[in-house]
Number of protein chains: 2
Amino acid sequence: MRRVGRLHILTDTTLQDRYDHEGLARLALEGGSDTIQFRDKSASTRELIRIARGLSEICRRAGVPLIVNDRVDVAMAADAAGVHLGQSDFPISLARQMLGPDRIIGGSATTLEEATEVMWAGADYVGLGPVFGTDSKPDAKVAIGLERLREVAAALEIPVVAIGGIGIPQVSDILATGAHGIALIQAVVLAADPKAATAGLKAAIDAALPGDGTHA
Amino acid sequence: MRRVGRLHILTDTTLQDRYDHEGLARLALEGGSDTIQFRDKSASTRELIRIARGLSEICRRAGVPLIVNDRVDVAMAADAAGVHLGQSDFPISLARQMLGPDRIIGGSATTLEEATEVMWAGADYVGLGPVFGTDSKPDAKVAIGLERLREVAAALEIPVVAIGGIGIPQVSDILATGAHGIALIQAVVLAADPKAATAGLKAAIDAALPGDGTHA
């Protein structure tokens, strides 16, 4: 159950308003996403739980883990498969205590030092980025580039999932660094056809990792 | 440990910036508050935990429970004595499951119907209000008045803590309804001297409940 996916799609309703979280998750799953991450920094706790429960049910039927961003309480209330914790979010070691050994925990990092801390704190994977420039977050940091990604992927004993400014053209270069997978927001949620965009990303992953077969 | 206090002071840093949460808590404790509630709807999760841990330590030394507003995860991370959950916050019954039988859980209500639901969900007390007009919350509802307070206090089997527009002049009328205690923001955090304001409120409670002796 703690297998880490290769194609993480984050549901975002601040960059677009055509789809709600559930609508985006459905399209991403239909397109072949093997991990859905629910991120919402503005809704009330009760609203977060309502949405997360809906997503959890959709993901369970699809056999894909739902990862809740930041909120361990919401993940527990929605019986989500795991959480993703940024550097300003809930501490990873405490989250592991609260969630037990069976839930997936991912942690964000920008540097090798942060990534190593995330690993030692008990995370199952590190979300590293932004690899390329992005403007999906108002507090986005300077792009780290492929060399940093390669360095971290080589140094860590847990999978590294690259995030930030990634589209289909970048997939092969990213996976060639040793990164395990990719996480995306804009390339899917802003796409004219989010389902087709997801399918295109999945095809790019499959092409870059022929015969891998570990992703959905 | 689940004894419900009579004088709940909420630390608020949106209405004033003279004091931080910890500064307000210290003054309230020195003035005789027997419950501190930490409420902050804007800080990051990690920042909330940092502040809550500081408050938890101060309150423990004072022998007074720290109640964390809304965030069950933050309360657990800070080993707080309990949580207070509004109607848009974490569900009370789930919070009871997560926190176990020894933590204090309070729930907000405006009507008898909501108050009854809060009680049946497993709360230790109901925070009822706003009893009088207040402008400390942008979404504040119409004042419910003393008659509603009396009705709810008579109907419930758990303590009712009145909130909303309360100052020293209102304390005796409020406690005469059968309400167990009072919760305050503005009358303390906006006071020229928050410690003296708290002490004045405590004296008013003592005068209204002579020989009671159950509050700190």
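Residues numbered from 1 in each chain as written. Chains lettered and ligands numbered in written order. Predicted model: local features only at pLDDT ≥ 70, side-chain atom pairs only at ≥ 80, totals over all residues. Heavy atoms only, no water.

Asker: For this particular structure, what's the right way to read unusual backbone geometry?
Answerer: With the exception of glycine, the majority of residues adopt a negative phi angle, and the majority of peptide bonds are in the trans configuration. Residue and element names in this part refer to chain A. The linkage connecting glycine 129 with the following residue, proline 130, adopts the cis geometry, with an omega of 0 degrees. By the secondary structure assignment, proline 130 is in the loop between strand E6 (125-128) and helix H6 (145-155). Positioned with a positive phi, aspartate 79 is a non-glycine residue whose angle comes to about 50 degrees. Tracing the backbone shows aspartate 79 in the loop between helix H3 (72-77) and strand E4 (82-85). Given a relative accessible area of 41%, aspartate 79 falls into the partly exposed group. (Helix = DSSP H or I, 4+ residues; strand = E, 2+ residues; numbered from the N terminus. Buried < 20%, exposed > 50% of the residue type's maximum accessible area, 1.4 Å probe, protein only.)

Asker: Where do I start with the interface of chain B and chain A in this structure?
Answerer: When the parts of a complex come together, some accessible area is lost, and that lost area is often used as the size of the interface. Contacts between the two partners involve 20 residues from chain B and, on the opposite side, 20 residues from chain A. When chain B packs against chain A, close to 1500 Å² is buried across both sides, 60% of that on carbon and sulfur atoms. Summed over the three residues of chain B that lose the most area to chain A, namely Arg46, Asp73 and Phe90 of chain B, the buried surface amounts to 32% of that side. At the junction of chain B with chain A, the criterion picks out two salt bridges. Aspartate 73 of chain B is the partner of arginine 71 of chain A in a salt bridge, and the nearest nitrogen-oxygen pair spans 3.9 Å. Between chain B and chain A we count ten residue pairs in polar contact (both at pLDDT 80 or more) in total. (Contact = heavy atoms within 4.5 Å. Buried area = accessible area lost by both parts, 1.4 Å probe. Salt bridge = Lys/Arg side-chain N within 4 Å of Asp/Glu carboxyl O. Polar contact = N/O pair within 3.5 Å; in protein donor to acceptor, adjacent residues only side chain to side chain.)

Asker: Can you help me understand the pairing of strand E8 (residues 181-184) of chain A in this one?
Answerer: Residues and elements named next belong to chain A. Residues Gly181 and Ala183 of E8 are buried on one face, and the alternating residues Ile182 and Leu184, pointing to the opposite face, are buried as well. Relative to E8, strand E1 (residues 7-11) is paired through three bridges, and the arrangement is parallel. If you follow leucine 7 over to E8, its bridge partner there is isoleucine 182. By the bridge criterion, three bridges tie strand E7 (residues 160-163) to E8 in an arrangement that is parallel. When the bridges of E8 are listed, alanine 162 appears paired with isoleucine 182. (Pairing = 2+ DSSP bridges.)

Geometric values such as these leave the question of function open.
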